[in-house]
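Residue-level structural notes
Chain by chain, the residues:
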Amino acid sequence: MKIEKLLNQFYLNNGLPVNGGIAKNTFNVKLGVFNIPVPNPKFRKDVVHIHDIEHILNNCDTSNRGEAFIAGWEVGTRFYKHFPINIFIFLAFGYSLLIHPKTVIEGFKKGLNDIGIIDLGLSKTELMQMEFNQLVKITQKQDHTKLGIYQLSEFIFCTVISQIFLFFPLIIMILGVIYL
């Protein structure tokens, strides 16, 4: 089945707007029981289809657990090396570590052994016309990577960065209070 058809079905199944909401100026972030509207910048609109295809590739819904797996997977595939979308990736990774750490780690481990969709260098049109089985095949690495010292160091480094991103506003407020 073609990715475009699977993606449209994914949006329908998860109650998401057509095209992942790229026509909207905001999108909602689920924090517990709250849906918080967040600005939807162009750089996010340009790659949201990739994030959504990652959900299909990894058989994950848009629940907090599904997003936690994808956040770990994106860090494992080093999606974070793409600025400025990495800001959202680190925020999602940091928050997900707090609520579903085991799921994030599972996603990270799987991501170590996959090629990120963004790294395939395919246009949106090329992705949409691709058969799902073909995408599965071209995103699998030849060699299997186990969680070793290097990978664990990368995970810890990304954890620290993500927590700084996540708690930056709180850190600024505390420093402001201390300064006063």
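In short, a report on the structure. Bear in mind that the values here come from a model prediction, so they are computed numbers and not experimental data.

This part covers the layout of surface pockets. Empty space within the largest pocket amounts to approximately 1200 Å³. Lining the largest pocket we find 40 residues, and of these Phe 27, Asn 28, Val 29, Arg 44 and Glu 67 sit closest to its centre. Of all the secondary-structure elements, those providing two or more residues to the lining of the largest pocket are β1 (26–31), β2 (34–39), α3 (48–57), α4 (64–76), α5 (86–99) and α9 (149–179). With seven residues, α5 is the largest single contributor of residues to the lining of the largest pocket. Partitioned by chemical class, the residues of the lining of the largest pocket number 22 nonpolar, 12 polar and six charged.

As a further point, take the packing of α4 against helix α6 (residues 101–112). Their axes nearest at 6 Å, the elements α4 and α6 cross at an angle of 40°. Compared by their axis directions, α4 and α6 come out oblique. The hand of the α4/α6 crossing is right-handed. Between α4 and α6, the contacting residues are Arg 65, Ala 68, Phe 69, Gly 72, Trp 73, Val 75 and Gly 76 on the first element and Thr 103, Val 104, Glu 106, Gly 107, Phe 108, Lys 110, Gly 111 and Leu 112 on the second.

Along the chain, Glu 74 falls in helix α4. The buried charged residue Glu 74 lacks any salt bridge, with Arg 44 as its nearest oppositely charged partner at 9.6 Å. Within the structure, the side chain of Glu 74 is placed 2.8 Å from the side chain of His 51, a separation counted as a polar contact. For Glu 74, the residues in contact, after removing those within four places along its chain, are His 51, Glu 54, Phe 79, Tyr 80 and Ile 89.

Here we take up the packing of α3 against α4. With their axes 10 Å apart at the nearest point, α3 and α4 run at an angle of 105° to one another. When the axes of α3 and α4 are compared, the pair comes out roughly perpendicular. Facing His 51, Glu 54, His 55 and Leu 57 of α3, the residues of α4 in contact are Gly 66, Glu 67, Ile 70, Trp 73 and Glu 74. Class assignment of the residues belonging to the contact of α3 with α4 gives a composition of three nonpolar, three polar and three charged.

So, on to the pattern of salt bridges. Enumeration over the complete set of coordinates arrives at five salt bridges. With a shortest N-O distance of 3.7 Å, Asp 119 and Lys 81 are connected by a salt bridge. Note that Asp 119 is positioned in the loop between α6 and α7 (124–129) and Lys 81 in the loop between α4 and α5, a separation of 38 residues in sequence. Residue classification places Asp 119 among the partly exposed positions, given a relative accessible area of 31%.

What counts and how
Throughout this description, residue numbers start from 1 for each chain and increase along the sequence as written. Given that this is a predicted model, residues contribute local features only at a pLDDT of at least 70 and side-chain atom pairs are listed and counted only at 80 or more, while totals for whole chains, interfaces and linings are drawn from all residues. Note that the side-chain values use all heavy atoms of the structure and ignore hydrogens as well as water. Detection works on a 1 Å grid of protein atoms alone, calling trapped sets that fit a 1.4 Å probe cavities and calling open sets with protein on both sides within 12 Å along at least five of seven lines pockets, with lining residues defined by an atom within 4 Å of a point. Grid points are joined across faces, edges and corners, and a volume is the space filled by probe spheres set on the points. Helix and strand definitions follow DSSP, with helices as H or I runs of at least four residues and strands as E runs of at least two, each counted in order from the N terminus. Throughout, the ten residues Ala, Val, Leu, Ile, Met, Phe, Trp, Tyr, Cys and Pro are labelled nonpolar, Asp, Glu, Lys and Arg are labelled charged, and all others, Gly among them, are labelled polar. Helix axes use the C-alpha atoms of the stretch in contact, all axes being lines fitted to C-alpha atoms, and the angles between their N-to-C directions lie in the range 0 to 180 degrees. We call two directions roughly parallel when the angle between them is under 35 degrees, roughly antiparallel when it is over 145, roughly perpendicular when it lies between 65 and 115, and oblique otherwise. In a left-handed crossing the near helix is turned counterclockwise from the far helix by less than a right angle, and in a right-handed crossing that turn is clockwise. Note on contacts: a residue pair qualifies if any of its non-hydrogen atoms lie within 4.5 Å across the two residues. Throughout this description, buried means an accessible area under 20% of the type-specific maximum (1.4 Å probe, protein chains only), exposed means over 50%, and partly exposed covers the range between. As used throughout, the charge tally considers Lys and Arg to be positive and Asp and Glu to be negative, leaving His and the chain termini uncounted. Whenever a carboxyl oxygen of Asp or Glu lies within 4 Å of a side-chain nitrogen of Lys or Arg, that contact is scored as a salt bridge. For this analysis, a polar contact is any N or O atom pair within 3.5 Å, provided that within protein one partner can donate a hydrogen and the other can accept it, and provided that sequence-adjacent residues contribute only side-chain to side-chain pairs.

So far we have only geometry, and geometry alone does not tell us how the molecule works.
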